[in-house]
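Structural overview
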Amino acid sequence: MKVENKSLLLRRPGLLFCSALLLTTLFSCRSANESAGAQEAPPTIPVMTLTQSAATTTKDYTGTLEGKVNVEIRPQVEGYLDKVYVDEGAFVQAGELLFKINDQPYTQQLNNAIAVMHAAEAALSNTQLEVDKVIPLVKSNVVSAIQLKTVQAAHNVAKANLEQAKAAVASAKINLGFTKIKAPVSGFIGRIPRRLGSLVGRNDQQPLTTLSDVHEIYAYFSIGESDFINFKAQFPGKTLTEKIKQIPPVSLLLADNTIYTHQGRINMVDGQFDKNTGSIMLRATFPNADGLLRAGNTGKIRIDQLHKSSLLVPQASTLELQNKVFVYKLADSNKLSRVMIDIDGKSGTDYIIKGGLKPGDKIVSMGLDRLHEGMVITPGSSSAAAKAGKQ
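Throughout this document, residue positions are counted from 1 along each chain, in the order its sequence is written. Owing to the predicted nature of the model, reporting of local features is limited to residues with pLDDT of at least 70; listing and counting of side-chain atom pairs is limited to 80 or more, with chain, interface and lining totals taken over all residues. Derived side-chain values reflect all non-hydrogen atoms in the structure, with water molecules and hydrogen atoms excluded from consideration.

**Brief notes about the pattern of salt bridges**
- The term salt bridge refers to a pairing of a side-chain nitrogen on Lys or Arg with a carboxyl oxygen on Asp or Glu at a separation within 4 Å. Inspection of every chain in the model, using the stated rule, returns eleven salt bridges.
- Among the ionic pairs, aspartate 204 bridges to arginine 194, the shortest N-O distance being 3.7 Å. Of this pair, aspartate 204 sits in the loop between strand S8 (199–200) and strand S9 (209–224) while arginine 194 sits in the loop between strand S7 (187–189) and S8, placing them ten residues apart in sequence.
- The closest approach of N and O atoms between aspartate 361 and lysine 329, which form a salt bridge, is 3.8 Å. Placement of aspartate 361 in the loop between strand S18 (350–355) and strand S19 (362–364) and of lysine 329 in strand S15 (residues 324–330) is noted, with a sequence separation of 32 residues between them.
- Each of the salt bridges in this network shares a partner with another, and the network as a whole consists of Asp82, Lys100 and Asp103. We count a stretch as a helix when DSSP gives it H or I for four or more residues in a row; a strand needs E for two or more, and each element gets its number in order from the N terminus.

See the structure below:
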């Protein structure tokens, strides 16, 4: 038994040596791996340098459309509708008969005015006879001059009565003419809320219908004060009228988001700003020979604006968080700094930068989802990265 215990003791030093050797090897491998990790190079991320260049932006302004002439058709005399000659939505020519009001009362008024006029004519003739009779008597000193003045005054009164009677006849003819309501311009008929037999009059709040001349359409829209200042600065000219003539054609975006076939031109700017909204009204005119547009339509006026020296950042190089837009800017020691930018508009797929960056700044151009604040990178070429992405 003593011999066996001694044999085991002789074996244990070998086991202890092997264990120590194994631990040393594992520790050496771990240290080597940690050193390799610490020496790993920062990732290469594509970076672009910002420069200024010319850019064109488009802005949409909500507008309302009106016909070149938009007329409310109202009765000028009171009466019952006898005839309705047109239908809603119909196109009518200027002078075409639209409605007829019962004209019997106005015919009688005219006949009565004519009778009064004839009586006045007869009275004038009688007074003229009196004047003709008295004149020679005055010359012969048979009657005094006062009597002549009296008959002449009566003659003048009769003359005035005749003029008044003629005016009444003319007024009665006008009222009779008002019973026939005609189209003042060519255009499209709107709704006709009154029907045959309706009592209508000049004091009605609701018109008989509306008539729109829409061979040209006026689009009214408003822009803010800052936009208006930039808008004017783009175009040459000493006066606003001269600048308006230099404005390029504008487009009309319809309610279904399609672009109207014909372009229009801005030809009117309101004389003052609206104090409540801080905006000013503009008007663009569009041709409408095919009648596609109607008064009351809505749409958006799309205006192109030229920015001569703009700082552009691709939208793909930005990150949006909580309705704010950020970029990763390259700072000292190739560290990344997340910077919020102020956007002035869009030009194609680029943002026009108003604040937060300046020419010469370097930003990460792609792969932003892998980045974080303070991260160290190796700047790479954005053009090379773009080519690699296409392949």
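So that's the structure; there's more coming.
**As for the pairing of S9**
- For strand S2 (residues 52–73) and S9, the ladder comprises ten bridges, and the chain directions are antiparallel. By the bridge assignment for S9, valine 71 is matched with leucine 211.
- Note that S7 and S9 share two bridges and pair antiparallel. Each residue of the ladder has a partner; that of phenylalanine 188, found in S9, is serine 212.
- Two strands are said to pair when DSSP picks up at least two bridges between them. Looking at chain direction, S9 and strand S12 (residues 279–287) are connected through nine bridges and run antiparallel. The partner of glutamate 216 across the bridge, within S12, is proline 287.

**Regarding the sheet that holds S8**
- Taken together, four strands build an open sheet; the order of strands is S6-S5-S3-S8 and the sheet is antiparallel. The sheet terminates laterally at strand S6 (180–182) and S8, the two strands that pair on one side only.
- Two elements, strand S3 (residues 79–84) and strand S5 (residues 97–101), share three bridges in a ladder whose sense is antiparallel. In the sheet register, leucine 81 faces S5, and the bridge partner there is isoleucine 101.

**Considerations on the nonpolar core**
- Throughout this description, the term nonpolar core refers to a set of buried Ala, Val, Leu, Ile, Met, Phe, Trp, Tyr and Cys residues connected via side-chain atoms within 4.5 Å. Burial classification: accessible surface area is computed with a 1.4 Å probe over protein chains only, and a residue below 20% of its type maximum counts as buried, one above 50% as exposed, and the rest as partly exposed. Counting 26 residues, the largest nonpolar core has Phe221, Leu252, Ile266, Leu282, Phe286, Ile301 and Ile303 as the members making the most contacts within it.
- Mapped onto this core, the elements with two or more residues apiece are S2, S9, helix H4 (225–233), strand S11 (265–269), S12 and strand S13 (298–314).
- In terms of residue count, S9 provides more of this core than any other element does, five residues in total.
- Contacts between residues were defined by any pair of non-hydrogen atoms, one from each residue, lying within 4.5 Å. Ignoring sequence-local partners within four residues, the contact set of isoleucine 303 consists of Thr57, Thr58, Lys59, Tyr61, Phe221, Phe231, Val250 and Ile266.
- Residues Val77, Phe99, Ile101 and Leu211 belong to the second largest nonpolar core, which totals 16 residues.

**Remarks on the packing of aromatic side chains**
- Stacked, edge-to-face and tilted labels apply to pairs of Phe, Tyr and Trp rings (six-membered ring for Trp) whose centres lie within 6.5 Å, assigned for plane angles under 30 degrees, over 60, and everything in between, in that order. Counted under the stated rule, the structure contains five aromatic pairs.
- Geometrically, the ring pair formed by phenylalanine 91 and phenylalanine 188 is edge-to-face, given 5.2 Å between the ring centres and 65 degrees between the ring planes. Taken together, the positions of phenylalanine 91 in strand S4 (residues 91–92) and phenylalanine 188 in strand S7 put the pair 97 residues apart, joining distant regions of the chain.
- On the accessibility criterion, phenylalanine 188 (18% relative accessible area) is buried.
- Ring plane angle 75 degrees and centroid distance 6.3 Å describe the contact between tyrosine 260 and phenylalanine 286, whose orientation is recorded as edge-to-face. Taken together, the positions of tyrosine 260 in the loop between strand S10 (251–253) and S11 and phenylalanine 286 in strand S12 put the pair 26 residues apart, joining distant regions of the chain.
- Take tyrosine 260: its relative accessible area is 3%, and that puts it in the buried class.

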